[in-house]
Amino acid sequence: FVKSIAQNSHWREAGDIVVKELMYFDSLHSSYTTGKALLDDDNYDELYENLTWEGSSVATMSAKEAQFVSAVAASKRGDQLMDDEEYSVLKSELKGNGSWVVNREKDALEKGGKTK
């Protein structure tokens, strides 16, 4: 699956790990919001282990951090997972806890103007 997605020019630029992280977020989001699993247990475990071994901090995020990142990603796609007040409250809580997800640097694609 990752190989087929990575054939897209945007994802080739972003790299395999970005594709895997997005798959992970989409899996979490689907599970939390609809109760439906996008991946079976074996594939989810394999993805989680792969992200962990590749050094991705995504696999070690708290549920609230994952919820925040999912909301940001959805917003960039034009979807809204939470209203502005919920978003602000969650962001403030994460900021107060020193979470990296609200204090991170822009990635290479964002710096290069490839994303909004």
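As the structure is a computational prediction, the values presented were derived from the model and not from experiment.

Caption draft 1: Structural context of the overall build of the protein chain. If you tally the helices and strands in the protein chain, you get seven helices and zero strands. Counting from the amino terminus, the protein chain carries its helices and strands in the arrangement α-α-α-α-α-α-α. The buried share of the protein chain, taken over its 116 residues, is 29%. Contacts spanning at least 24 positions in sequence make up 50% of the contacts within the protein chain whose residues lie at least 6 apart. Within the structure as shown, the protein chain displays about 8000 Å² of accessible surface, and the carbon and sulfur contribution to it stands at 49%.

Caption draft 2: Representation of the nonpolar core in the model. Counting 19 residues, the largest nonpolar core has Tyr24, Met61, Phe68, Val69, Leu94 and Val101 as the members making the most contacts within it. Contributing elements (two or more residues each) for this core: helix H3 (16–34), helix H4 (41–53), helix H5 (63–76) and helix H6 (84–96). Element by element, the count of residues in this core is highest for H3, at five residues.

Caption draft 3: Local environment of the confidence of the model for the protein chain. Chain-level statistics for the protein chain give a pLDDT mean of 79 and a share of 76% at 70 or above. The element-level mean pLDDT for the protein chain is lowest in helix H7 (residues 108–111), coming to 50, with H6 highest at 93.

Caption draft 4: Representation of the pattern of salt bridges in the model. Inspection of the entire model under this criterion finds two salt bridges. Residue glutamate 54 pairs with lysine 20 through a salt bridge whose shortest N-O separation is 2.6 Å. Here glutamate 54, found in the loop between H4 and H5, pairs with lysine 20, found in helix H3; they are 34 residues apart in sequence, far enough to count as distant. Accessibility expressed as a relative area gives 39% for glutamate 54, which makes it partly exposed. Of the charged contacts, one joins lysine 64 and glutamate 93 as a salt bridge, the two residues approaching to 2.8 Å between their closest N and O atoms. Linking lysine 64 in helix H5 with glutamate 93 in helix H6, this pair joins segments that are 29 residues apart in sequence.

Caption draft 5: Representation of the packing of H5 against H6. Following both chains from N to C, one finds H5 and H6 inclined at 130°, their axes separated by 10 Å at the closest point. On the basis of the axis angle, H5 is oblique to H6. Along this stretch, H5 crosses H6, giving a crossing that reads as left-handed. Contact residues: H5 offers Lys64, Glu65, Gln67, Phe68 and Val72, while H6 offers Tyr87, Leu90, Lys91, Glu93 and Leu94. Counted by class, the contact of H5 with H6 contains five nonpolar, one polar and four charged residues.

Caption draft 6: Quick peek at the packing of aromatic side chains. This model, assessed by the stated rule, comprises three aromatic pairs. With a centroid separation of 6.3 Å and 40° between ring planes, the pair formed by tyrosine 24 and tyrosine 48 is classed as tilted. A residue pair is termed long-range when its members are at least 10 positions apart, and tyrosine 24 in helix H3 and tyrosine 48 in helix H4 qualify at 24 residues. The structure contains a cluster of three or more aromatic residues connected by ring pairs, namely Tyr24, Tyr44 and Tyr48.

Each value, and the rule that gives it
- Residues numbered from 1 in each chain as written.
- Predicted model: local features only at pLDDT ≥ 70, side-chain atom pairs only at ≥ 80, totals over all residues.
- Heavy atoms only, no water.
- Helix = DSSP H or I, 4+ residues; strand = E, 2+ residues; numbered from the N terminus.
- Buried < 20%, exposed > 50% of the residue type's maximum accessible area, 1.4 Å probe, protein only.
- Contact = heavy atoms within 4.5 Å.
- Areas by Shrake-Rupley, 256 points an atom, 1.4 Å probe, with all protein chains shown as cover.
- Core = buried A, V, L, I, M, F, W, Y, C linked by side-chain atoms within 4.5 Å.
- pLDDT = per-residue confidence, 0-100.
- Salt bridge = Lys/Arg side-chain N within 4 Å of Asp/Glu carboxyl O.
- Axes fitted to C-alpha atoms, helices over the stretch in contact; angles between N-to-C directions.
- Parallel < 35°, antiparallel > 145°, perpendicular 65-115°, else oblique.
- Left-handed = near helix turned anticlockwise from the far one by under 90°.
- Nonpolar A, V, L, I, M, F, W, Y, C, P; charged D, E, K, R; others polar.
- Phe/Tyr/Trp six-rings, centres within 6.5 Å; stacked < 30°, edge-to-face > 60°.

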